[in-house]
Amino acid sequence: MKTVNTIAAFVNKYLIYIMILLMIVSYFFPQPFLWIPPRTTILLSIIMFCMGMTLNVAAFKMVVLQPKAFILGVLFQFTISPLVAYGLAQLSGLSSGLIIGFVLLGCVSGGTASNVMTFIGKGDVALTVSMTTVSTLLATVVTPFLVYILAGQYTEISFWEMLLSVLQMVLLPIILGVIVHKLIAKHIERFLQSFVLISSVSILLIVAGTVARNGAVIVQSGLIVIFLVLLHNLIGYGAGYGLSRVMGVSATQAKSIMFQLGMKNTGLAISLANAHFATIAAAVTPAAVGMVIHQITGPILANLVAKKEGKQYESKYLFAKLHNRGGRLRKSK
């Protein structure tokens, strides 16, 4: 177990760099990774199972401790993000397939990567874990409903079939994870890092497989799609932080909401596109582009806000030090 823990610590520490390296390799050498896309749903279920294995009461504590920030964060994910995605796609005159893809991208919950970015960006990690957990559970019903409402006019969508598939991909694995957690509660700490490692590897495989299969489509889709996905991503960051601050949420909590709103569960969006819109090739493109863009902008933004906070701390420390020194000088006089 010591070896597993060491590997898990290494992967988690350098996850973003490993991910970017895999993106580059899988784009230029796609063949070794083409076995992954047909198994995306299985990998997503594994991630959800591992998520369930790590759940405890602490994952829901912010619902009670910080209800305002929590409610705003979850509400923004299922209102602002879907409407912005739908609006951008409509205003840009995209094809129906791409509009469906944008709607899918906007309607899924925040991704687990937002937890890591919140930690790097010195946000409220407990809050983002609570939001990720609850929004993922809510997505089992809310995502199919929103996709049905916003994209139903472009193709035939069965709300119940989509609901069933999300329940199978997301809710069922989480419930199984929670059950197993209860059964081995006394030994869970020993295996916790193993589940984190399995989850991280599954995420890396989904990213590599997505780029390998859709890399050419992403490039060929044109700058307009890349620009719109990036714009949706940046609006998510900006709206998440800005609106939260306007509504009285602390800067630390606003950063958590910012990453939740900006970084979506692209794995779920890709799985839904493959499961329900396989005949519409363009439907998977926005989520595939989003998976790449989110993993680039997330670390950049996280490091920027972390450095900014560090400078603010240094400024406050220096000011306090000078103030105290001035006080001592006045007393000596």
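Analysis parameters
Residues numbered from 1 in each chain as written. Predicted model: local features only at pLDDT ≥ 70, side-chain atom pairs only at ≥ 80, totals over all residues. Heavy atoms only, no water. Helix = DSSP H or I, 4+ residues; strand = E, 2+ residues; numbered from the N terminus. Buried < 20%, exposed > 50% of the residue type's maximum accessible area, 1.4 Å probe, protein only. Contact = heavy atoms within 4.5 Å. Areas by Shrake-Rupley, 256 points an atom, 1.4 Å probe, with all protein chains shown as cover. Axes fitted to C-alpha atoms, helices over the stretch in contact; angles between N-to-C directions. Left-handed = near helix turned anticlockwise from the far one by under 90°. Nonpolar A, V, L, I, M, F, W, Y, C, P; charged D, E, K, R; others polar. Phe/Tyr/Trp six-rings, centres within 6.5 Å; stacked < 30°, edge-to-face > 60°. 1 Å grid on protein atoms, 1.4 Å probe; cavity = no way out; pocket = protein on both sides within 12 Å on 5 of 7 lines; lining within 4 Å. Points joined across faces, edges and corners; volume = space filled by probe spheres on them. Expected span 1.5 Å × (residues − 1). Patch = residues over 30% accessible without salt bridge, like charges linked within 9 Å, V, L, I, M, F, W, Y side chains within 5 Å. Salt bridge = Lys/Arg side-chain N within 4 Å of Asp/Glu carboxyl O. Arc of directions from axis to C-beta. pLDDT = per-residue confidence, 0-100.

Engineer: An account of the overall build of the protein chain is requested, with residue identities and associated values reported.
Structural biologist: Within the protein chain, the regular secondary structure consists of 15 helices and 0 strands. Expressed as a percentage of its 333 residues, the buried residues of the protein chain come to 50%. Considering only contacts in the protein chain between residues 6 or more positions apart, those separated by 24 or more positions represent 84%. Split by element, the accessible area of the protein chain, about 16,100 Å² in all, is 70% carbon and sulfur.

Engineer: So what about the packing of helix H3 (residues 40-53) against helix H14 (residues 266-276)? Which residues, and what values?
Structural biologist: When two helices pack together, their arrangement is given by the angle between their axes and by how far apart the axes lie. Relative orientation of the contacting elements H3 and H14 amounts to 145°, with a least axis distance of 9 Å. Relative to H14, H3 is oriented so that their crossing is left-handed. Residues Thr 40, Thr 41 and Leu 44 of H3 lie in contact with H14, whose contacting residues are Gly 267, Leu 268, Ile 270 and Ser 271. Class assignment of the residues belonging to the contact of H3 with H14 gives a composition of 3 nonpolar, 4 polar and no charged.

Engineer: Can you break down the environment of Leu 22 residue by residue, with the values?
Structural biologist: Along the chain, the position of Leu 22 falls in helix H2 (residues 15-28). Given a relative accessible area of 22%, Leu 22 falls into the partly exposed group. With 183 residues separating them along the chain, Leu 22 and Leu 205 place their C-alpha atoms 8.7 Å apart. Setting aside residues no more than four positions away along its own chain, Leu 22 makes contact with Phe 33, Leu 204 and Ala 208.

Engineer: Which residues make up the environment of Asn 265, and what values do they have?
Structural biologist: Within the fold, Asn 265 resides in the loop between helix H13 (251-262) and H14. The spacing of Asn 265 and Gly 290 is 25 residues in sequence and 9.4 Å in space, taken between C-alpha atoms. Setting aside residues no more than four positions away along its own chain, Asn 265 makes contact with Leu 44, Met 48, Val 108, Ser 109, Gly 110 and Gly 111.

Engineer: Let's hear about the packing of aromatic side chains: which residues, and what values?
Structural biologist: Aromatic ring pairs are defined here through the distance separating the ring centres and the angle between the ring planes. Evaluation of the coordinates by the stated rule reveals 4 aromatic pairs. Ring geometry for Phe 159 versus Trp 160: centroids 5.0 Å apart, planes at 70°, classification edge-to-face. Judged by relative accessible area, which is 63%, Trp 160 ranks as exposed. Every member of this aromatic cluster is reached through a ring pair, and the members are Tyr 148, Phe 159 and Trp 160.

Engineer: I'd like to hear about the layout of surface pockets, residue by residue, with values.
Structural biologist: Taken as a whole, the largest pocket spans an internal volume of roughly 1,300 Å³. In terms of lining, the largest pocket is formed by 50 residues, of which the most central are Thr 112, Ala 113, Asn 115, Val 116 and Val 196. Breaking the lining of the largest pocket down by element, the ones donating at least two residues are helix H1 (2-13), H2, H3, helix H8 (113-120), helix H9 (125-151), helix H11 (188-220), H14 and helix H15 (285-332). Per-element accounting of the lining of the largest pocket gives the leading share, 9 residues, to H11. Here the residues of the lining of the largest pocket are counted per class, giving 31 nonpolar, 17 polar and 2 charged.

Engineer: Describe H3, and please don't skip the residues or the numbers.
Structural biologist: An α-helix turns once every 3.6 residues. As a result, residues three or four positions apart point the same way. Look at H3: 20 Å from first C-alpha to last across 14 residues, which is about the 20 Å you get at 1.5 Å a residue. Most of H3 is tucked away: 10 of the 14 residues are buried. Regarding H3, the residues found buried are Thr 40, Leu 43, Leu 44, Ser 45, Ile 47, Met 48, Cys 50, Met 51, Gly 52 and Met 53. Among the structural elements, H9, helix H10 (159-183), H11 and H14 are those in contact with the buried residues of H3.

Engineer: So what about the packing of H8 against H13? Which residues, and what values?
Structural biologist: Contact geometry for H8 and H13: axes closest at 9 Å, N-to-C directions at 145°. Judged by the twist between their axes, the crossing of H8 over H13 is right-handed. The residues of H13 that touch H8, namely those facing Ser 114, Asn 115, Met 117 and Thr 118, are Ser 256, Phe 259 and Gln 260. For the contact of H8 with H13, the per-class residue count stands at 2 nonpolar, 5 polar and no charged.

Engineer: Mind laying out a nonpolar patch on the surface, listing which residues take part and the relevant values?
Structural biologist: A surface patch of nonpolar side chains, amounting to about 770 Å² of accessible area, comprises Ile 20, Leu 21, Ile 24, Val 25, Tyr 27, Phe 28, Phe 29 and Val 219. The leading source of residues in the nonpolar patch is H2, at 6 residues. Relative to the assigned elements, Ile 24 resides in helix H2.

Engineer: Could you give an account of unusual backbone geometry, naming the residues involved and the relevant values?
Structural biologist: Here the phi dihedral of Lys 122 falls at roughly 60°; this positive angle occurs in a residue that is not glycine. Of note, Lys 122 is situated in the loop between H8 and H9. Assessed through its relative accessible area of 42%, Lys 122 is described here as partly exposed.

Engineer: Lay out the side chain of Ser 165 in plain terms, naming residues and giving numbers.
Structural biologist: Residue position: Ser 165 is located in helix H10. Those residues within four positions of Ser 165 in sequence are excluded, and the remaining contacts are Leu 272 and His 276.

Engineer: So what's going on with H2? Residues and values would help.
Structural biologist: End to end, H2 covers 20 Å across 14 residues, agreeing with the expected 20 Å (1.5 Å per residue, within 8%). Those residues of H2 that fall on the buried side of the exposure criterion are Leu 15, Ile 16, Met 19, Met 23 and Ser 26. Buried residues along H2 cover an arc of 95° about the axis, so they all sit on one side. In H2, the exposed positions angled more than 90 degrees off the buried face are occupied by Tyr 17, Leu 21 and Phe 28.

Engineer: If you had to explain the confidence of the model for the protein chain to someone new, which residues and values would you point to?
Structural biologist: Mean pLDDT over the protein chain works out to 83, with 89% of the residues at or above the 70 mark. Residue range residues 313-320 is modelled with pLDDT below 50. Its contacts to residues more than four positions away, or to other chains, number 0 contacts.

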